[in-house]
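# Structure at a glance
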Amino acid sequence: MTVYTSRRAARVLLVDASDRVLLFQGSDPARPGHRYWFTPGGGLDPGESPADGAARELAEETGLRMAPAELGAPVWAETVEFPFDGVWYRQEQQFYLVRVTGWEVDTAGFNDVERASVHGYRWWPVAELAASAERYYPPDLPGRLGAVLAGGGAC
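Here we take up the overall build of the protein. Looking only at helices and strands, one finds four helices and eight strands in the protein. Along the chain direction, N to C, the helices and strands of the protein fall in the order β-β-β-β-α-β-β-α-β-α-β-α. When burial is assessed residue by residue, the protein has 45% of its 155 residues classed as buried. Partitioning the intrachain contacts of the protein with sequence separation of at least 6 by distance along the chain shows that 67% fall at a separation of at least 24. When the accessible surface of the protein is split by element, carbon and sulfur atoms take 51% of a total near 7,800 Å². Across the protein, the mean location of the 14 positive side-chain charges is 3 Å away from that of the 21 negative side-chain charges.

Dropping the structure here:
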């Protein structure tokens, strides 16, 4: 039986003027060969709202500073289960859409775990991500993001 650690998180779909989404490439320290792409964001601090956490994570991981109110409403929410560094998590997460003309990513705010497990970043066109053999999370990201961008709202 798997024992899960509960976690709340907020993630950001940072999309530029060419409709490319920013993803980081990372690996699990317990499974170094397991590489994957993921959106900026992460676990919420105790008492932190999802919007506050998304704004904090966005600043720490990309250097882009925004007030939580500027994020608007989440475009989707989900619960996922995954292992990281030998611990299984059940994570409730909300995704926020942030549009920028362009952005020069600054990872100076990474913590020790991020510095050890994040290997780079890339701006991905949605169609290229969907056609890629690369692993990314969430696994339905291209479809969900495509729907959000086409409809301009939640999916």
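Secondary-structure assignment places S27 in strand β2 (residues 20-28). A distance of 2.6 Å separates polar atoms of two side chains, one belonging to S27 and the other to H119. With sequence-adjacent residues up to four places away left out, S27 is seen in contact with P32, H34, R35, Y36, F84, S117 and H119.

As enumerated under the stated definition, the model contains eleven salt bridges in all. A salt bridge links E57 to R56; its shortest N-O distance comes to 3.1 Å. Here the two residues E57 and R56 agree in accessibility, since each one is buried. Two residues, E60 and R56, come together in a salt bridge whose shortest N-O distance is 3.3 Å. Here R56 and E60 lie together in helix α1 (residues 50-62), a separation of four residues that amounts to about one turn. Residue classification places R56 among the buried positions, given a relative accessible area of 19%. In the salt-bridge network here, residues are joined through shared partners; they are D45, E48, R56, E57 and E60.

Reading the values: the criteria
Residues numbered from 1 in each chain as written. Predicted model: local features only at pLDDT ≥ 70, side-chain atom pairs only at ≥ 80, totals over all residues. Heavy atoms only, no water. Helix = DSSP H or I, 4+ residues; strand = E, 2+ residues; numbered from the N terminus. Buried < 20%, exposed > 50% of the residue type's maximum accessible area, 1.4 Å probe, protein only. Contact = heavy atoms within 4.5 Å. Areas by Shrake-Rupley, 256 points an atom, 1.4 Å probe, with all protein chains shown as cover. Lys, Arg positive; Asp, Glu negative; His and termini not counted. Charge placed at Lys NZ, Arg CZ, Asp CG, Glu CD. Polar contact = N/O pair within 3.5 Å; in protein donor to acceptor, adjacent residues only side chain to side chain. Salt bridge = Lys/Arg side-chain N within 4 Å of Asp/Glu carboxyl O.

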